[in-house]
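Structural overview
Residue-level listing of the chains:
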Amino acid sequence: MSQKQLLLLLLLALVLTSGCSTSTPGDNSGRDSTASARTSPVSLNKDDYAVFQNPDAGADPSVPAEMGGKGFKGEGWETNTNFDLIGDPRALKGGLYREYTSDFPGTLRMGGPEWNSSTNYTIAAMVYKTLLRIVPNTLNYLSVLASHWQILPDKMTFRFRINPNARFNDGEPVTADDVVASWNLYTDKGLQDPAAYATFIKFEKPVAESKYIVRVKGKTLDWKNFLNFSTTMLIFPARVLNSVDGATYVRDYNFKYLPSTGPYIINESDIQKGKSLSVRRRKDYWAEKARLSAGLNNFDEIRFVVVRDENLAFEQFKKGDLDFFYVNRSRQWAEELNFDRVQRGLIQKRKVFNNKPEGHQGFAINTRRQPFGDIRVRKALTLLLNRDLMLEKLFFNEYLPMNSYFAGTIYENPDNPRNLYDPQAALKLLAEAGWKDRDEQGRLTKGGKPLEIELLYDGKSFEPILTVYQDDLRKVGINLNLRLVTFETQFKLVNERHFDLAVLKWGAGIFPDPEQEWHSRLADVNDTNNVTGFKDPRMDQICEKYAKAFDLKERIALIKELDGIMTSQYHYILHWYAPAERIVYWNKYGHPAGYLTRTGEHTSDILLGPGPEQLWWVEPEKSQRLNQAMADAAMKLDVGETESRFWQEHAKKEQEVSPGRSQ
Amino acid sequence: MTGYFIRRFLLIIPTFLGITLAVFVVMHFVPGGPVERQIMRYKMAAMGEGGGGGPARGVEIPAEAIEEMKRYYGFDKPVHVRYALWLWNLLHFDLGRSYIYQDPVWDVIKSRFPISIFLGLTGFVMSYLVCVPLGVWKAVKHGSKLDFFSSFTVFLGYSIPGWALGTALLVLFGGGSFWSLFPLGGFRPDNWEYLGFFQKITAQIHYMFLPVLCYMIAEFATLTILTKNSLMENLGQDYVRTAFAKGLNERRVIFVHALRNSLIPIATGLGHVISLILAGSFLIEKVFNIDGMGYLGYTSILQRDYPVALGILVISSLLLLVGNILSDIVYVVADPRIRFK
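Parameters and conventions
Residues numbered from 1 in each chain as written. Chains lettered and ligands numbered in written order. Predicted model: local features only at pLDDT ≥ 70, side-chain atom pairs only at ≥ 80, totals over all residues. Heavy atoms only, no water. Core = buried A, V, L, I, M, F, W, Y, C linked by side-chain atoms within 4.5 Å. Buried < 20%, exposed > 50% of the residue type's maximum accessible area, 1.4 Å probe, protein only. Contact = heavy atoms within 4.5 Å. Helix = DSSP H or I, 4+ residues; strand = E, 2+ residues; numbered from the N terminus. Domains from an automatic or database assignment. Buried area = accessible area lost by both parts, 1.4 Å probe. Salt bridge = Lys/Arg side-chain N within 4 Å of Asp/Glu carboxyl O. Phe/Tyr/Trp six-rings, centres within 6.5 Å; stacked < 30°, edge-to-face > 60°. Lys NZ or Arg CZ within 6 Å of the ring centre and 35° of its normal. Pairing = 2+ DSSP bridges. Axes fitted to C-alpha atoms, helices over the stretch in contact; angles between N-to-C directions. Parallel < 35°, antiparallel > 145°, perpendicular 65-115°, else oblique. Left-handed = near helix turned anticlockwise from the far one by under 90°. Nonpolar A, V, L, I, M, F, W, Y, C, P; charged D, E, K, R; others polar.

What follows deals with the nonpolar core. By size, the foremost hydrophobic cluster in this structure holds 127 residues, and its most contacted members are M110, L131, F160, F236 and W616 of chain A. Ignoring anything within four residues of it in the chain, the contact list for F236 of chain A reads M110, Y128, F168, D178, S182, L185, Y186, L241, Y249 and L258 of chain A. In this structure, V327 and A629 of chain A together with I217 and I290 of chain B belong to the second largest nonpolar core, which totals 52 residues.

Right, here's the structure in full:
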């Protein structure tokens with residue numbers, strides 16, 4: 001828009017709208033007044049926070065101790081009483097935290113069609129609880145609804161002892177029957193949840209041995225069975241589920257609430273369909289005083305405001321209508337976040353480096369098609385991707401080249417090849433593979449046929465990268481045809497193995513699951529994650545060994561080996577990854593030293609653990625100073641260090657203590 | 001002529017069947033249907049620019065679970081059976097349930113009517129209120145500086161995409177970057193229920209001023225220029241000269257004789273007023289964060305919410321078909337020279 005047009009519009013709108021204003025940028029007083037003041041010094045020693053307080057207080061006296069009731073000692077059972085604090089106990093309760101979500105969840109069910117949205121994952125983390133969970137720092141198990149657990153010698157049968165103090169929000173105790181009922185729900189085909197079904201059908205029906213002890217047997221020997229059963233299955237009350245089957249749940253419980261066991265609840269009045277959704281802190285959360293909650297769950301209300309347009313959400317954040325904004329684009333970070341309120345410290349800008357799980361992104365190569373069966377061709381194509389140039393010119397050096405399928409995590413193999421841009425080496429490799437003649441257009445040929453490659457992609461945002469690559473390939477005599485298709489079409493073509501190269505991006509969990517993507521039995525069938533056709537006997541061995549490795553250290557070693565095999569086979573031309581979470585927020589919060597957890601992202605998640613919604617709190621002093629600075633344009637607040645490398649330093653220290661544990 | 005309109009009404013039936021059948025078949029075969037979409041969501045994590053991929057919930061989905069899903073969405077039956085079933089339900093006024101929102105389709109669509117009617121009606125009324133007088137004035141002052149300047153302005157509005165203007169206006173007046181004059185998106189304030197009648201009116205204007213402006217900015221040009229040109233053409237006619245010659249004053253000639261004739265092409269659009277209940281614009285609703293019909297329609301296609309997409313199709317095609325006939329009736333009423341046979 002030219003300056004004149006802009007001026008014209010400005011005038012027009014100013015004339016039309018004078019006197020319409022109701023809110024001003026500084027109008028956020030009183031919003032955070034609910035945070036209560038700190039009264040006495042707070043201990044930071046984890047031992048001052050009991051793991052189980054009055055462990056028997058809520059136990060049913062009619063259940064004998066050996067059946068998990070009053071007087072249960074836990075002999076022969078496992079539990080974790082040596083974990084560090086996850087939150088910061090200096091946190092204060094109260095206040096409101098507002099973030100945005102790009103779409104209102106179509107349902108608030110915790111299973112079935114459309115349940116799997118990121119908002120629901122966050123809600124699940126705050127509202128519902130599982131038997132155990134993972135300590136984000138050490139990746140050990142931790143008691144939640146189950147105080148103790150047992151892995152029987154066959155390593156396929158697991159027993160859990162429910163914490164007798166665990167309560168639903170209606171005051172009813174959690175029992176072994178609830179676990180059985182929840183399993184029934186998740187394996188009910190009527191629930192229409194193929195992922196849950198696939199996960200939990202790997203067990204025989206759990207058995208309630210007593211009110212507090214439940215036993216379940218997996219059908220295969222796999223440590224993931226223990227993980228999935230204990231940390232991903234939300235527990236719902238049997239007394240409701242006994243009359244609600246999967247189909248009924250899907251039909252009737254979209255916005256109806258099942259009693260829950262977590263620190264937050266959703267009230268019907270807080271569901272504004274299409275507009276916003278709030279979870280509210282319970283004042284009677286059963287595990288409030290336990291160490292696993294110390295310093296966590298501080299805000300009284302967490303509100304998810306639906307903003308469908310990312311730019312609008314950013315404007316709302318800048319105005320103060322949102323408290324937190326996750327910066328997804330490097331350009332936005334580099335160029336749009338240097339305005340006055342950032343420079344004066346009213347808005348804080350942080351780049352948090354941690355060990356969050358990292359998937360992999362790159363050009364997948366279909367090795368079933370020629371000439372991609374030849375590793376020399378694949379390697380040459382890898383060496384022709386000028387990642388350093390792209391990172392500098394297109395991404396403001398915000399990302400790092402990805403040289404591992406687990407980049408930046410504890411699983412990364414440090415000895416993987418770096419694959420720097422090297423057209424000469426690439427030409428040499430191609431010549432070895434027989435691509436050395438040239439036709440009259442200068443293209444590389446073999447047996448008279450030119451080297452022509454088709455690359456599938458599904459979004460115009462990739463084009464700057466792709467055209468650079470296309471250009472670099474053309475320079476050495478390779479024709480790269482770019483083919484833009486919809487995501488759905490690309491998915492179909494890739495799954496049916498009809499492609500040369502395709503831009504793909506995979507997510508990752510805290511614990512990798514390599515078998516789905518790399519096992520040879522999936523290489524030549526449709527609809528699997530092994531899209532490149534990876535076949536390697538050692539890989540199959542590792543996958544099988546991995547499933548049986550209940551020990552984390554052993555698994556880390558296996559994944560590192562596997563990472564080495566995968567990268568040496570050049571099945572993906574790997575791109576880059578973000579080593580840090582880029583976040584901006586209004587300067588009124590207290591937070592643990594690392595801002596996020598070691599494996600956590602910018603939002604709470606049922607599997608990754610607590611995010612700012614649960615870790616942070618309103619610091620009344622900061623909040624007050626923020627209000628003053630909003631009113632006084634000359635006032636400056638502490639800008640703070642933009643980069644937080646707390647978790648990287650932590651990992652380094654850990655390395656010094658016990659080498660081999662971390663990267 | 002009655003026979004003609006009866007025939008026209010009867011023709012609605014095969015046209016409607018043709019439209020819905022074509023869309024239904026396309027939807028059946030396009031990749032990424034509801035079943036595939038579910039599988040996709042379980043298999044792949046969200047795409048993003050730099051990585052930091054979301055947690056994977058990747059599991060191998062057993063074939064029996066996929067079969068079950070196909071049955072649930074009705075994709076286990078051949079397309080002609082599905083179409084027949086859908087038509088049968090439609091005859092019983094049952095549009096099915098939304099795949100995404102889980103509610104009956106009619107409820108989902110109905111909940112957007114207030115927004116559509118607001119956008120459509122204000123847009124409609126405002127554009128007629130502004131454009132017809134402006135067009136008349138421009139025709140009378142043809143060739144003047146003001147005529148030129150107003151043409152420039154309406155064509156400027158015509159050439160700026162509404163959503164782009166919306167983004168610019170929100171940045172300028174939303175309070176995030178420059179002036180805080182308007183709320184940053186939304187249809188109504190959160191405290192709507194607690195407002196008094198007059199407060200509701202001010203709040204509604206406050207929230208909808210920018211969206212409505214962007215929604216109709218392009219309409220101004222068409223209607224204004226149509227009015228102007230049509231009136232100018234009439235002003236050059238013999239009967240206008242006759243009217244002037246017999247001594248009528250200018251006002252009477254223009255407003256009573258010429259304008260009435262020049263409104264005929266404009267009046268014919270009136271038949272489509274009934275389509276206003278589906279008014280909306282995906283881009284403007286997205287930019288202004290309004291949960292309206294345009295957004296619903298577009299996302300229902302994008303997210304393969306077939307029952308909703310078909311529901312909107314049914315309503316909009318019926319309204320359009322009926323609207324066409326109404327337009328013809330208006331035509332006949334407005335211009336006695338026209339006869340349909």
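After that view, the rundown keeps rolling.
Assignment of secondary structure puts W77 of chain A in the loop between α1 (3-17) and β1 (96-101). Put simply, W77 of chain A and W333 of chain A are 256 residues apart on the chain and 49 Å apart in space, counted from C-alpha to C-alpha.

Residue and element names in this part refer to chain A. Here the domain parsing of chain A yields domain 1 (1-49 + 88-100 + 262-355 + 585-663), domain 2 (57-84 + 129-259) and domain 3 (360-577). With 25 residues of domain 1 at the contact, the number on the domain 2 side is 25 residues. Carbon and sulfur atoms make up 59% of the area that domain 1 and domain 2 hide from each other, which totals about 2,000 Å². Inspection of the domain 1/domain 2 interface yields one salt bridge. Between D84 and K46 there is a salt bridge; the shortest N-O distance is 3.3 Å. A per-element tally of the side of domain 1 that touches domain 2 places helix α21 (residues 646-657) first, with three residues.

What follows is about the packing of aromatic side chains. Inspection of every chain in the model, using the stated rule, returns 56 aromatic pairs over all chains. For the pair F124 of chain B and Y128 of chain B, a centre-to-centre distance of 4.7 Å together with 40 degrees between the ring planes defines the contact as tilted. Pair noted here: F124 of chain B and Y128 of chain B are both in helix α6 (residues 113-140), with a separation of four residues, about one helical turn. Taking relative accessible area as the criterion, F124 of chain B reaches 24% and is therefore assigned partly exposed. Site record: aromatic cluster; members linked through ring pairs are Y128, Y186, F200, F236, Y249, Y253 and Y257 of chain A. Its end group placed over the ring of W333 of chain A, K349 of chain A keeps NZ or CZ at 5.1 Å from the ring centre. Sitting above the plane of the F353 of chain A ring, R645 of chain A keeps its charged end 3.8 Å from the centroid.

Residues and elements named next belong to chain A. Reading across the sheet, the four strands line up as β4-β5-β7-β6 and stay open at both edges, with antiparallel pairing between neighbours. Sheet topology places β4 (146-151) and β6 (207-208) at the edges, where each strand pairs with a single neighbour. Against the sheet, helix α5 (residues 223-231) contacts β4, β5 (157-162) and β7 (213-217), and its axis sits at roughly 25 degrees relative to β5.

For the rest of this paragraph, the subject is the packing of helix α10 (residues 238-245) of chain B against helix α11 (residues 250-262) of chain B. All names here are of chain B. Where α10 meets α11, the axes come as close as 10 Å, and the angle between the chain directions of the two elements is 160 degrees. When the interaxial angle is binned, α10 and α11 end up roughly antiparallel. When you trace α10 past α11, the crossing you get is right-handed. Every residue of α11 that contacts α10 at Y239, V240, A243 and F244 is listed here: E250, V253, H257, A258 and N261. Counted by class, the contact of α10 with α11 contains six nonpolar, two polar and one charged residues.

It is worth spelling out the packing of α6 of chain B against helix α7 (residues 145-159) of chain B at this point. Residues and elements named next belong to chain B. The geometry of α6 relative to α7 is characterised by a closest axis approach of 9 Å and an angle of 140 degrees between their N-to-C directions. Regarding the angle of α6 to α7, the classification is oblique. As for the relative orientation of α6 and α7, their crossing is left-handed in sense. Facing α6, whose interface residues are L134, W137 and K138, α7 presents L146, D147, S150, S151 and V154. By residue class, the composition of the contact of α6 with α7 is four nonpolar, two polar and two charged.

Once that is clear, we can look at unusual backbone geometry. Peptide bonds are mostly trans, and most non-glycine residues show a negative phi. Looking along the chain, the bond that leaves Q370 of chain A and enters P371 of chain A is cis, with omega of 5 degrees. Positionally, P371 of chain A belongs in the loop between β14 (360-365) and α11 (375-383). At N297 of chain A, a position not held by glycine, the phi torsion is positive, near 55 degrees. Here N297 of chain A lies in the loop between β10 (276-281) and β11 (301-306). A relative accessible area of 4% places N297 of chain A in the buried class. The phi dihedral of F93 of chain B is positive, around 60 degrees, even though this residue is not glycine. Locating F93 of chain B in the fold gives a position in the loop between α4 (79-91) and α5 (105-110).

Another aspect to go through is helix α14 (residues 293-302) of chain B. All names here are of chain B. Taking burial as the measure, the ten residues of α14 include seven buried ones, the bulk of the element. For α14, the set of buried residues is M293, G294, Y295, L296, G297, T299 and S300. Check the buried side of α14 and you find it contacts α5, α6, α13 (282-287) and α15 (306-334). Immediately downstream of α14, the backbone of R304 shows phi near 55 degrees, a positive value.

Here D222 of chain A is to be found in the loop between β7 and α5. When residues no more than four places from it in sequence are discounted, the contact partners of D222 of chain A are A547 and F550 of chain A.

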